[in-house]
Amino acid sequence: MSENSARNQQPERKSAPRPQYQSASASALPLTPSEDRQWATMAHFGGILGCFPSLVIYLIFKDRGPFTAQESKEALNFTVPPTVVAIVANLLIVIPAVSGIFAVVAAVIWVFLTVYSVIAGIKCNRGLPYRYAYNLRLFR
């Protein structure tokens, strides 16, 4: 018997009907006032790690909460320039002649970002908008 005829003799399998899955809606629900304040606060506290937490929060929640959109944009504007300078300083640390100088520069930038991010996060957690004194306002 050939292989094809052996396949033809096997009983035919009937597939079970596929379940219907519900998909998430294209637009997410708006944030509650407490969630809005929470994510805005996290955007400022995220400045301790540089500009990336506030960027992620801004991109995800900008359309879901007005306070989060405003404060995450403010935090992003504040943290982008020091983050870029800190990355460059950390890359220049590998040069032996100037490694000490750039190590100090990177540490000072991190302390600067940490202090101002914590101050802004505390104010924002109280529900008050915060404006950094030194901000380039790159993103409008």
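Our subject is the structure that appears above.
In every chain, residue numbers begin from 1 and rise along the written sequence. It should be noted that, the model being predicted, local features are given only for residues of pLDDT at least 70 and side-chain atom pairs only at 80 or more, the latter also being counted only at that level, while totals for whole chains, interfaces and linings use all residues. No hydrogens and no water enter the side-chain calculation; it runs on all heavy atoms of the structure.

Draft legend 1. Inspection of helix H3 (residues 52-61) at higher detail. Only protein chains enter the accessibility calculation, which uses a 1.4 Å probe. A residue is then buried if its area is under 20% of the maximum for its type, exposed if over 50%, and partly exposed in between. A run of H or I in DSSP becomes a helix once it reaches four residues, and a run of E becomes a strand once it reaches two; helices and strands are each numbered from the N terminus. When H3 is considered as a whole, its buried residues turn out to be Ser54, Ile57, Tyr58 and Phe61. Projected onto a plane normal to the axis of H3, the buried residues spread over an arc of 100° and lie on a single side. Turned more than 90 degrees away from the buried face of H3 sit Leu59 and Ile60, all of them exposed. By the convention used here, residues are in contact when the closest approach between their heavy atoms is within 4.5 Å. Buried positions along H3 lie against helix H2 (33-45) and helix H4 (66-92). The arc refers to the directions leading from the helix axis to the C-beta atoms.

Draft legend 2. Expanded view of the pattern of salt bridges. A pairing counts as a salt bridge when a side-chain nitrogen of Lys or Arg comes within 4 Å of a carboxyl oxygen of Asp or Glu. Using the criterion set out here, one finds one salt bridge in the structure. Among the salt bridges present, the one from Arg131 reaches Glu74, with a minimum N-O distance of 2.5 Å. Of the two residues, Arg131 is situated in the segment after helix H5 (99-125) and Glu74 in helix H4; the sequence distance between them amounts to 57 residues. By relative accessible area, which is 45% here, Arg131 ends up partly exposed. Of the residues examined, Glu74 reaches a relative accessible area of 3% and is grouped as buried.

Draft legend 3. The side chain of Thr41, seen in detail. Relative to the elements of secondary structure, Thr41 occurs in helix H2. Within the structure, Thr41 has its side chain in polar contact with the backbone oxygen of Arg37 (distance 2.8 Å). Pairing of N or O atoms within 3.5 Å defines a polar contact, subject to two protein rules: one partner must be a possible hydrogen donor and the other a possible acceptor, and residues neighboring in sequence count only if both atoms are side-chain atoms. Side-chain polar atoms of Thr41 contact the backbone nitrogen of Asn125, separated by 3.3 Å. With near-sequence residues (within four places) excluded, Thr41 lies in contact with Gly121, Cys124 and Asn125.

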